[in-house]
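# Topology and contacts: notes
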Amino acid sequence: MDHPIIENQHLVPTWLTPLGQPTVSRLLAWEQAQADALLADVFGYHAVQLGWPALEALRCNRMPHRWQAHAEFEWPGIAKGLTAPNEAPAAARAPHVCLDSRAWPWQADSLDLVVLPHTLEQSADPHACLREVERVLIPEGQVLITGLNPFSFWGVQHARPFRSKSSGGPSLIAYPRLRDWLRLLGFEVQVSRFGGWSPAMGSERWMQRLQWMDTVGERWGPIFGGVYLLMATKRVPGGRLLPARPWRTVRSPAAATVPVARSDTSIGQPLAKKDAFDPR
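Residues numbered from 1 in each chain as written. Predicted model: local features only at pLDDT ≥ 70, side-chain atom pairs only at ≥ 80, totals over all residues. Heavy atoms only, no water.

### A word on the overall build of the chain
For clarity, the cut-off: Labels follow the DSSP assignment, with helices taken as runs of H or I lasting at least four residues and strands as runs of E lasting at least two, numbered in each case from the N terminus. Three labels apply to residues, based on accessible area from a 1.4 Å probe with only protein chains included: buried if under 20% of the type maximum, exposed if over 50%, partly exposed otherwise in between. Residues are treated as being in contact if the distance between any of their heavy atoms lies within 4.5 Å. Per-residue and other accessible areas were derived by the Shrake-Rupley procedure at a 1.4 Å probe size, with only the shown protein chains allowed to occlude residues.
A count of helices and strands for the chain gives nine helices and seven strands. The burial tally for the chain puts 44% of its 280 residues in the buried class. For the chain, the share of sequence-separated contacts (at least 6 apart) that also reach a separation of at least 24 residues comes to 71%. Surface exposure of the chain reaches about 16900 Å², of which carbon and sulfur atoms provide 56%.

If you want it as structure tokens, here you go:
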């Protein structure tokens, strides 16, 4: 890459350290390009990005109210007014709001757009976080989610340092599982993209040599990309109430049954003279 976004290894976020600086540069550049292209024409009034402030996902969006929020896993550095030695400078900027990813401060049906860059991977309860996103989004509101693919070179490289630790690190969520979660919450996935098929190397020279794997992987194995992106829309089924009075006055088109007298029976017919009984 001619102009890497992250040029110093000390600027790599802590949770992305296993990937190395060259891979993180490509990861950030790919997600920034996708966000600029997908969110530029998303209209509304209120948009929120929760997590990874180095990614300015809302910079091309034209909504009047755009907020950068920090979740609970980013609080320690914010509370002290400082950042860790290996945090990016963008993280040093004060966020607009700090919140718990499992309990959002906005009321229901109040946001038009939510961006979650690798937020579900670091959240203590990703299911609760998604439920909060579904609650605060208006009908037809949109959410953009990015995450590392566990079934990729990047996913394997990222999970390797955390296997020996009891506390563990970020829990990567597979792409099919995240689609199922979104569908259960009533979202319709409209955009799905993958990127980054070359192995995560610590040398920029080796990353450039293996760049041909991106072309091959995009054509023959797109689902094995190192990072995936999902953009979904909240669908709310609509209905129409019928007025009670017109519904009751509607008559059935079937013809009403009318009793018909039978002619083959003697009931109701006068007796003939020969059949009359004379008591004398």
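Further notes follow.
### Topic: the confidence of the model for the chain
The criterion, for reference: How sure the predictor is of each residue is captured by pLDDT, a score from 0 to 100.
Of the residues in the chain, 72% reach a pLDDT of 70 or more, and the chain-wide mean stands at 82. Here residues 1-10 is modelled with pLDDT under 50, and outside its nearest four sequence neighbours on either side it reaches 20 contacts, counting other chains as well. In the model, residues 78-91 has pLDDT below 50 throughout and makes 26 contacts with residues more than four positions away in sequence or in other chains.

### Observations regarding the packing of aromatic side chains
The criterion, for reference: The aromatic pairing rule takes the rings of Phe, Tyr and Trp, using the six-membered ring of Trp, and pairs them if the centres are within 6.5 Å, calling planes under 30 degrees apart stacked, those over 60 edge-to-face and the rest tilted. Counting as a charge over the ring demands two things of the Lys NZ or Arg CZ atom: a distance within 6 Å of the ring centre and an angle within 35 degrees of the ring normal.
Under the definition given, this model contains six aromatic pairs. Residues Trp-15 and Trp-52 carry aromatic rings whose centres are separated by 5.5 Å and whose planes lie at 80° to one another, so their mutual orientation is edge-to-face. One end of the pair, Trp-15, is in the segment before α1 (21-39); the other, Trp-52, is in the loop between β1 (46-50) and β2 (65-70), with 37 residues separating them in the sequence. When sorted by exposure, Trp-15 lands in the same class as Trp-52, which is buried. Aromatic rings pair up to connect Trp-67, Trp-104 and Trp-106 into one cluster. The ring centre of Trp-206 lies 4.9 Å from the NZ or CZ of Arg-209, which sits over that ring.

### Some remarks on helix α4 (residues 126-136)
The set of residues buried in α4 consists of Pro-126, Ala-128, Cys-129, Leu-130, Glu-132, Val-133 and Val-136. Tucked into the core, α4 has its buried residues touching β4 (111-117), α3 (119-122), β5 (137-148), α6 (175-184) and β6 (187-195).

### Observations regarding the side chain of His-118
Following the sequence through the fold, His-118 ends up in the loop between β4 and α3. His-118 gets classed as buried once you look at its relative accessible area, which sits at 0%. In this structure His-118 touches Trp-15, Leu-27, Glu-31, Trp-52, Thr-146, Gly-147, Leu-148 and Val-227, once residues within four positions along its chain are discounted.

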